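Working through the structure, step by step
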Amino acid sequence: MNNNDNNDYSPYKDITVDRAVAEILRESQGRLSTAFDRALAMKCCPIGSGISGICCKNCSMGPCRVREDTVGLCGATLGTITARNLARQIAAGAAAHSDHGRDLAHLLGLAAEGKAPGIEIKDELKLMKFARNLGIEIKDRDVKEIALEASEKALSLFGQQHGEIDLIKIAPPARQEIWRKNNVIPRGVDREIVEIMHRTHAGVDQEPENILSQAVRCALADGWGGSMIATEITDILFNTPEALRAKTNLGMLREDEVNIVIHGHEPTLSEIIVEYSSDNELVEYAKSKGAKGINIVGICCTANEILMRQGIAPIGNFLSQEAAIMTGAIELMVVDIQCIMQALGRLTQNYHTKLVTTSPKCKIPGAIHMEFRDVNGPELAKEIIKMAIDNFSERKGEIHIPDVSSDLVAGFSHEYIRYMLGGRFRESLRPLNDAIIDGRIQGVVGVVGCNNARHCQDKYHNFVARELIKRDYLVVQTGCSAISTAKYGLMVPEALEYAGEGLRSICETVGIPPILHMGSCVDNSRILTVLSDVVEEGGLGDDISDLPVAGIAPEWMSEKALSIGTYVAASGVYTAFSGEPIPVESSPEVKKIMTEGWQKKYGGQLEYIMDIEELLNKVINVIQEKRKALKIDMKKERVLLDMEARRALKDV
Ligand code: SF4
Ligand code: MSK
């Protein structure tokens, strides 16, 4: 089912294509301020966004505003300031992902020691693989002992001072050599972040290219370090995702049930809340308060985590968070870290909705803080659910739940993709490589990233995804981008009607949709693993940069997106951002380093293309050039062989 393709609310069609969000905005008639209103009321600063010059505030002689023909008080040029600012943003993005990974590494140790109630090791096979990748001996050892050592080893990668972080060994050997030659292999995750903060302090690194090399090293520490640790351990503790059906959008809220929304990025407490939401005692308690049951739904990437493993409905992405509150149907929204708008604190004051923060790293004015401390999971989950139930009778005013929802299929971990393609005993990416080689699949494109209130919600994600599948490109997605296309019914096998003939034939044979949901934004590391596996499978070159693949973040917003874009480009993939500019637009010098310079060094680049159709054409051209270089650019005719012809083949 998909009833989200008819957004005829004309006043809102330029700010969201999501009919559910548009309906809520129409109902509110501007009574309450949302990010959409604030975006219209406040223009973004052309200096801060790097469109016309740039601003440096790294010392108190500034802030200095510089253009190409001027310098800051200390003499810093446009190129230097632009590179320094971007490097700091990448450090912040890498820090966010990696700190998330660190917490999971810590949790793995606690789980191994039985000190994290409600958490246990669910995927032992994945633990063994992870431990082996960390160089840990697994033979004849107890699972808990291995888990404890894996936790300690993973934690040590954050503070490691010398050498190379272990997980880069997952990358193809040719890729590792490129990084080695350019001296960008991360030594330790925290070390690279700290070094950016040092180098960008007033009067330290002043050569844009050198600053950006450190930014690359830091971003690689995110993708092949912090984020990868987060993904791997989340799978170990909560299970490696497998394909499952679910539903999405605001229509998944229930008027007659206690609605609890989980929002943010961390899977830990969320998984426990999901588990306890079906606890008999709590369900009976909800009934005693007049509700028919307890309905758990999600927003942003925590939603993606519990969707991938439990099939819990994501009711929206980044720009849906305020609209969700404005339905008046939410008893409690529990948030952890990242992408939570401060506006929620004020907005919830207009409703009965309780906003609960749970991370010591994220407190919000107007929210109730109930801290999750690893050891109190079940207790806290029950307390939060009970608080939501008690709030059910406090609903005030009208409830407005848009009758908008879509089906989706999620759960495409790299393990599951291998299984889908090759079967349980012969799991393999071979069919994918063969389909790319024979041209039925022209290439693979990751469409990822956020929403941005300065651009129409979901419009670009949907445009590029639809156009790509139409032209036989397999699309893989994570984060809010994945929720974007899911909301419009593009993540189900039925969406194959929009796909080109070649892609459709493969997806039908294997039984997958044309767009694969691979998880949350830290799970972009899954895409890196798939790319490495595709190279290893053979027939498409020796390195990731040989593959006919690309990355697009069409509505990016967060600093994490800048880190992701940088590590994807430095891993050898052409990457394009649209929507808001990458804040380097006014510096031709920095743009050249990130395009021509990185292309030469790493075989991938990161650029901003404002026009979405131009971006699409560029992505397609880049992929077709790769196909040409691999000599697979001629589409092969499919030959149907009869028995005689098959026998003849065997004899060869
Ligand atoms: Fe201005 Fe230089 Fe200070 Fe930046 S570091 S604020 S450019 S004087
Ligand atoms: S939540 S980082 S808005 S994808 Fe991961 Fe969405 Fe972007 Fe946050």
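Attention in this report is confined to the structure presented alongside it.

So, how was this worked out
- Residue numbers restart at each chain and count upward from 1, following the sequence in its written direction.
- Lettering of chains starts at A and numbering of ligands starts at 1, both following the order in which they are written.
- The predicted nature of this model means local features are confined to residues of pLDDT at least 70 and side-chain atom pairs, given and counted, to a pLDDT of 80 or more, with totals for whole chains, interfaces and linings taken over all residues.
- As a rule here, side-chain values come from all non-hydrogen atoms in the structure, and water together with hydrogens is ignored.
- By convention in this text, a residue qualifies as near a molecule or strand provided that one of its non-hydrogen atoms is within 4 Å of it.
- Using a 1 Å grid laid over the protein atoms alone, points where a 1.4 Å probe fits but cannot get out form a cavity; open sets with protein on both sides within 12 Å along at least 5 of 7 lines form a pocket; any residue with an atom within 4 Å of a point counts as lining.
- If over half the atoms of a molecule are within 2 Å of the grid points of a cavity or pocket, the molecule is regarded as sitting in it.
- Amino acid classes used here: Ala, Val, Leu, Ile, Met, Phe, Trp, Tyr, Cys and Pro are nonpolar; Asp, Glu, Lys and Arg are charged; the rest, including Gly, are polar.
- Secondary structure elements follow DSSP: runs of H or I no shorter than four residues count as helices, runs of E no shorter than two count as strands, and numbering proceeds from the N terminus.
- Exposure classes here rest on a 1.4 Å probe applied to the protein chains alone. A residue is buried below 20% of its type maximum, exposed above 50%, and partly exposed in between.
- Note on definitions: a residue-residue contact is assigned when non-hydrogen atoms from the two residues lie within 4.5 Å.
- Salt bridges, as used here, are contacts in which a Lys or Arg side-chain nitrogen is within 4 Å of a carboxyl oxygen on Asp or Glu.
- By this definition, two strands are paired if DSSP reports at least two bridges between them.
- Axis angles are defined between N-to-C directions and span 0 to 180 degrees, where every axis is a line fitted to C-alpha atoms and, for a helix, only to the segment in contact.
- Throughout, the term roughly parallel applies to angles under 35 degrees, roughly antiparallel to angles over 145, roughly perpendicular to angles from 65 to 115, and oblique to all others.
- Crossing handedness: left-handed means the near helix sits turned counterclockwise from the far one by under a right angle, and right-handed means the same turn made clockwise.
- As used in this structure description, the phrase polar contact means that two N or O atoms lie within 3.5 Å; if the pair is within protein, one of them must be able to donate a hydrogen and the other to accept it, and residues adjacent in sequence are counted only when both atoms belong to side chains.
- Grid points are joined across faces, edges and corners, and a volume is the space filled by probe spheres set on the points.
- Only residues whose relative accessible area exceeds 30% and that form no salt bridge enter a patch; like-charged residues are grouped when within 9 Å of one another, and nonpolar side chains (Val, Leu, Ile, Met, Phe, Trp, Tyr) when within 5 Å.
- Note that accessible areas follow from Shrake-Rupley with a 1.4 Å probe, and for residues the cover is restricted to the protein chains shown.
- The positive count covers Lys and Arg only, the negative count covers Asp and Glu only, and His and the chain ends enter neither.
- Charge placement uses NZ in Lys and CZ in Arg. For Asp and Glu, CG and CD serve respectively.
- A clockwise path from the first strand over the helix to the second, with the strands pointing away from the viewer, defines a right-handed crossover.

1. Description of the site of ligand 2
In the region of ligand 2, the neighbouring residues are His265, Cys300, Cys301, Phe318, Cys339, Gly449, Cys450, Cys480, Cys521, Met557, Ser558 and Lys560. In this structure, ligand 2 is accommodated by the second largest cavity. Each residue belonging to the shell around ligand 2 can be placed in one class, and the counts come to eight nonpolar, three polar and one charged.

2. Focus on the side chain of Asp533
Checked against the element boundaries, Asp533 lands in helix H20 (residues 524-537). The exposure class assigned to Asp533 is buried, which follows from its relative accessible area of 15%. Setting aside residues no more than four positions away along its own chain, Asp533 makes contact with Arg418 and Leu429.

3. Considerations on the pattern of salt bridges
Per the stated rule, a full pass over the model turns up 44 salt bridges. Between Arg187 and Glu195 there is a salt bridge whose closest N-O contact spans 2.9 Å. As far as the burial class goes, Arg187 and Glu195 line up, both buried. The partner of Arg471 in a salt bridge is Glu467, with the nearest N and O atoms 2.6 Å apart. The structure contains a network of salt bridges with shared partners spanning Lys126, Lys129, Glu232, Asp235, Glu305, Arg309, Glu415, Asp523 and Arg526.

4. Side note on the sheet that holds strand E15 (residues 574-577)
As summarised here, the arrangement of the six strands in space is E13-E12-E11-E14-E15-E16, forming an open sheet in which the pairing is parallel. Each of the sheet's edge strands pairs with one partner strand only, and the pair in question is strand E13 (515-517) and strand E16 (606-608). Looking at each pair of strands side by side, their axes are set apart by 25° on average, direction ignored. Pairing of strand E14 (residues 549-553) with E15, which is carried by four bridges, proceeds in the parallel orientation. Bridge pairing in E15 links Ala553 to Phe577.

5. Side note on the site of ligand 1
Taken together, 13 residues surround ligand 1, and among them Cys56, Cys59, Gly62, Cys64 and Cys74 come closest. Tallied by class, residues from the shell around ligand 1 come to nine nonpolar, three polar and one charged.

6. Section: the packing of helix H8 (residues 208-238) against helix H22 (residues 588-602)
Close contact between H8 and H22 brings their axes to 11 Å; oriented N to C, the two are set at 60°. As summarised for this structure, H8 and H22 are arranged oblique, according to the angle between their axes. Considering the relative orientation of H8 and H22, their crossing is right-handed. Facing Pro208, Glu209, Leu212, Ser213 and Val216 of H8, the residues of H22 in contact are Glu589, Val590, Ile593, Met594, Trp598, Lys601 and Tyr602.

7. Re the side chain of His461
Take His461: it is sitting in helix H17 (residues 459-470). You can call His461 buried: its relative accessible area is 0%. Looking at His461, its side chain comes within polar contact range of the side chain of Ser481, at 2.8 Å. With near-sequence residues (within four places) excluded, His461 lies in contact with Val447, Val448, Gly449, Cys450, Asn451, Ser481, Ser484, Thr485, Pro554 and Glu555.

8. A look at the layout of surface pockets
To find leftover empty space, a probe the size of one water molecule is rolled over the atoms. What the largest pocket holds in volume is close to 1200 Å³. In terms of lining residues, the largest pocket is bounded by 37 residues, among which Gln89, Trp556, Met557, Ser558 and Glu559 are the most central. Among the secondary structure elements, those contributing two or more residues to the lining of the largest pocket are helix H2 (35-41), strand E1 (54-56), helix H3 (78-112) and helix H21 (559-570). If one sorts the elements of the lining of the largest pocket by residue count, H3 sits on top with six residues. Here the lining of the largest pocket is composed, by residue class, of 21 nonpolar, nine polar and seven charged.

9. Regarding helix H9 (residues 268-276)
With eight of nine residues buried, H9 lies mostly within the body of the structure. Among all positions of H9, only Thr268, Leu269, Ser270, Glu271, Ile272, Ile273, Val274 and Tyr276 are buried.

10. As for a negative patch on the surface
Residues Glu68, Asp69, Glu207 and Glu589 make up a contiguous surface patch of negative charge. Here Glu68 is to be found in the loop between strand E2 (64-66) and H3.

11. Overview of the pairing of E14
Among the five residues that make up E14, five are buried, leaving the element largely enclosed by the rest of the structure. Bridge count for strand E11 (residues 443-447) against E14 is four bridges, and the pairing is parallel. If you follow Val445 over to E14, its bridge partner there is Ala550. Handedness of the crossover joining E14 and E15 through H21: right-handed.

12. Here's the deal with the sheet that holds strand E7 (residues 332-335)
The sheet built from six strands is open, its strands ordered E6-E5-E4-E7-E8-E9 with parallel pairing. The outermost strands of the open sheet, each flanked by one partner alone, are strand E6 (314-316) and strand E9 (368-369). For E7 and strand E8 (residues 354-357), the ladder comprises four bridges, and the chain directions are parallel. Bridging from a neighbouring strand, Met333 pairs with Leu355 of E8. Along the sheet, H9 makes contact with strand E4 (258-264), strand E5 (294-299) and E7, crossing E4 at roughly 165°.

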